[in-house]
Amino acid sequence: MLARPDSATAAGARDKAMLEVLYASGLRVSELVGLPLGAIDAQTGVVRVLGKGGKERIVPVGERAREALATYLAGAREKLLGTRHSMDLFVTPRGGRMTRQGFWKLLARHARDAGIQQRVYPHTLRHSFATHLLERGADLRAVQAMLGHADIGTTQIYTHVDRERLKAVIAKHPRA
């Protein structure tokens, strides 16, 4: 699904950047669409997010997300804006900020184009972000901080998936 948007078009470059940033950072969709133009520091690879309750956090993003953003910012954003100006990072062809509903629609379209049968929600990418980090040995507290969870119990939900996977692997052991 992350490979579906056509970066050769302005909307495709925007969509790819949005999907990559969402998966690479675990942001909430409202946080993603609310990012101002200066929220991402391409040099250090971090995004400054204003989360729930007005709490600010800094989340690192990977190389693929930074590359997709660079492509988007190199001209696609200006093409979408035309002669209009905006301080929002992700914009629509009408020059306005991308909305949560607009993102849901583009996500559904790219999932469908990728052949994914079940419904995909923005939270699916946030969940995948956390699960994949924990599966690869990330510290639970670090994941908590990146997700912006006030309570570690909220983050521990993602360890359940890892435990279920571990049980399945152990069940395949010859002496299970």
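Scroll up a little and you will see the structure.
Here the structure is a predicted model, which means the values were calculated and not measured.

*Asks:* I'd like to hear about the side chain of R126, residue by residue, with values.
*Replies:* Tracing the chain through its elements places R126 in helix α5 (residues 122-135). Polar side-chain contacts of R126 include one of 2.5 Å to the backbone oxygen of G26. Contacts of R126, omitting those with residues within four sequence positions, involve G26, L27, R28, R57, L147 and H149.

*Asks:* Describe the side chain of T131, with residues and values.
*Replies:* Assignment of secondary structure puts T131 in helix α5. At a separation of 2.8 Å, a polar atom in the side chain of T131 contacts the main-chain carbonyl oxygen of H127.

*Asks:* Please give an account of the packing of α5 against helix α6 (residues 140-147) that cites residues and values.
*Replies:* Two numbers describe how α5 lies on α6: the axes approach to 10 Å, and their chain directions differ by 160°. Considered as vectors, α5 and α6 are oriented roughly antiparallel to each other. Viewed along their axes, α5 and α6 form a crossing whose handedness is right-handed. In contact with R126, F129, A130, L133 and L134 of α5, α6 contributes L140, V143, M146 and L147. Here the residues of the contact of α5 with α6 sort into eight nonpolar, no polar and one charged.

*Asks:* An account of α5 is requested, with residue identities and associated values reported.
*Replies:* When the terminal C-alpha atoms of α5 are compared, their 20 Å separation across 14 residues agrees well with the 20 Å that a helix rising 1.5 Å per residue should span. Listed in full, the buried residues belonging to α5 are P122, L125, R126, F129, A130, T131 and L134. Positioned one or two residues after α5, G137 has a phi angle of 90°, which is positive.

*Asks:* Residue-level account of the layout of surface pockets, with values.
*Replies:* Estimated volume of the largest pocket: approximately 230 Å³. Lining the largest pocket are 13 residues, and of these Y23, A24, F129, H132 and L133 lie nearest its centre. Taken together, the elements giving at least two residues each to the lining of the largest pocket come down to α1 (10-25), α3 (63-81) and α5. Looking at the lining of the largest pocket, its residues break down into seven nonpolar, two polar and four charged. Of the voids in this model, the second largest pocket is the one considered here, and its volume is about 160 Å³. Residues that form the lining of the second largest pocket fall into these classes: five nonpolar, two polar and two charged.

*Asks:* Can you tell me about the sheet that holds strand β1 (residues 40-41), naming the residues and giving the values?
*Replies:* Within a sheet, each strand pairs with its neighbour through backbone hydrogen bonds, oriented either parallel or antiparallel. Overall, antiparallel pairing links the three strands, which are arranged β1-β2-β3 in an open sheet. Only two strands of the sheet have a single partner each, and these edge strands are β1 and β3 (56-60). In terms of strand pairing, β1 meets strand β2 (residues 46-50) through two bridges, oriented antiparallel. Counted as the bridge partner of D41 is V46 from β2.

*Asks:* Tell me about the pattern of salt bridges, and please be specific about residues and values.
*Replies:* Counted under the stated rule, the structure contains eight salt bridges. The salt bridge involving K16 is made with E20; its shortest N-O contact spans 3.3 Å. On the criterion of helical spacing, the pair formed by K16 and E20 is a turn pair, its members being four residues apart in helix α1. Linking R48 and E56 is a salt bridge whose minimum nitrogen-to-oxygen distance equals 3.0 Å. In this structure R48 comes out as partly exposed when scored by relative accessible area, which is 44%.

*Asks:* Quick one: what's the story with the packing of α1 against α5, residue by residue and with numbers?
*Replies:* Interaxial distance between α1 and α5 falls to 7 Å at its minimum, and their mutual angle equals 45°. Here α1 lies oblique to α5, going by the angle between them. Two secondary-structure elements touch here, α1 through L19, L22, Y23, A24 and S25 and α5 through P122, L125, S128, F129 and H132. The class makeup of the residues in the contact of α1 with α5 is seven nonpolar, three polar and no charged.

What counts and what doesn't
Residues numbered from 1 in each chain as written. Predicted model: local features only at pLDDT ≥ 70, side-chain atom pairs only at ≥ 80, totals over all residues. Heavy atoms only, no water. Helix = DSSP H or I, 4+ residues; strand = E, 2+ residues; numbered from the N terminus. Polar contact = N/O pair within 3.5 Å; in protein donor to acceptor, adjacent residues only side chain to side chain. Contact = heavy atoms within 4.5 Å. Axes fitted to C-alpha atoms, helices over the stretch in contact; angles between N-to-C directions. Parallel < 35°, antiparallel > 145°, perpendicular 65-115°, else oblique. Left-handed = near helix turned anticlockwise from the far one by under 90°. Nonpolar A, V, L, I, M, F, W, Y, C, P; charged D, E, K, R; others polar. Expected span 1.5 Å × (residues − 1). Buried < 20%, exposed > 50% of the residue type's maximum accessible area, 1.4 Å probe, protein only. 1 Å grid on protein atoms, 1.4 Å probe; cavity = no way out; pocket = protein on both sides within 12 Å on 5 of 7 lines; lining within 4 Å. Points joined across faces, edges and corners; volume = space filled by probe spheres on them. Pairing = 2+ DSSP bridges. Salt bridge = Lys/Arg side-chain N within 4 Å of Asp/Glu carboxyl O.

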